[in-house]
Amino acid sequence: MSVKMGANVCPITEERSGTVREVGAQSVWSLSSCKPGFGVDQLRDNSMETYWQSDGQLPHLVNIQFHRKTKVSQIYIYSDYKLDESYTPSRISIRCGMHFNDLQEVEVVDLCEPSGWVCIPIKEHEDMLMCTFMIQIAVISNHQNGRDTHMRQIRIHSPTEGSQYPLEHHGKFSTLEFSQFRTIR
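Residues numbered from 1 in each chain as written. Predicted model: local features only at pLDDT ≥ 70, side-chain atom pairs only at ≥ 80, totals over all residues. Heavy atoms only, no water.

For the record, the criterion: UniProt positions are given in the numbering used here, feature names are shortened, and annotations may be inferred rather than shown by experiment.
As annotated in an unreviewed UniProt entry, the protein chain carries the name Anaphase-promoting complex subunit 10 and comes from Anopheles minimus. UniProt, in the comment section headed Function (unreviewed entry), describes the protein chain in these words: "Component of the anaphase promoting complex/cyclosome (APC/C), a cell cycle-regulated E3 ubiquitin-protein ligase complex that controls progression through mitosis and the G1 phase of the cell cycle." Under Sequence similarities (unreviewed entry), UniProt gives the following word-for-word description of the protein chain: "Belongs to the APC10 family."

Right, dumping it as structure tokens:
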């Protein structure tokens, strides 16, 4: 499995390209634990300054339940070792299933002092995308044997198959009048 990390990895750029959409807002989020004021709202507020902070024993869990079966292509996690040090996850397990009782581990990711977005591709078999009702992100261990964890943001991507209409396939739009209609809104 190839995990992408670093400054060049940005989920918002991919969302703007139209090839994927963020589906985390269409789900119910829950956490195994959190300090007051450091919960789901901070994890999903699109700010890199706020974070979820767990409060309890490892593993720390983020549960994402969809209202309907959803195709998932990638999970993006924003972590910053320079700011969070021992609170930064070093090993993460991604589990998928229909509900809490049938979750199967689909990926295990080892992170070495991450700084920025980490992209975790999610596949069921070889090149088939995962279609699931539930995702669980489990923090198995932290850097420096830290007890609690910080995660600054999580974004869930689903492909936008069949919803794009690239008009460039029908020729170039060379005049100003035509170029203003090259995309469908």
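Anyway, onward from the coordinates.
### So, the packing of aromatic side chains
Heads up, the rule is: Two aromatic rings, drawn from Phe, Tyr or Trp (for Trp, its six-membered ring), form a pair once their centres lie within 6.5 Å of each other, and the interplanar angle then sorts them: stacked below 30 degrees, edge-to-face above 60, tilted otherwise. A helix here means a DSSP run of H or I that spans at least four residues, while a strand means a run of E at least two residues long, and both kinds are numbered starting from the N terminus. Three exposure classes are used, based on accessible area relative to the maximum for each residue type with a 1.4 Å probe and protein chains only: buried under 20%, partly exposed in between, and exposed over 50%.
Counted under the stated rule, the structure contains three aromatic pairs. An angle of 85° between the planes, with centres 6.1 Å apart, marks the rings of Tyr-76 and Trp-117 as edge-to-face. Of this pair, Tyr-76 sits in strand β6 (residues 74-80) while Trp-117 sits in strand β9 (residues 115-121); the two residues are 41 residues apart in sequence, bridging distant segments of the chain. Side by side, Tyr-76 and Trp-117 carry an identical accessibility label, which is buried. Considering the side-chain rings of Tyr-78 and Trp-117, the 5.2 Å spacing of their centres and the 75° angle between planes classify their relative orientation as edge-to-face. You can see Tyr-78 sitting in strand β6 and its partner Trp-117 sitting in strand β9, a full 39 residues away along the chain. Each of the two residues, Tyr-78 as well as Trp-117, counts as buried. Grouped by ring-pair contacts, the aromatic residues Tyr-76, Tyr-78 and Trp-117 constitute a single cluster.

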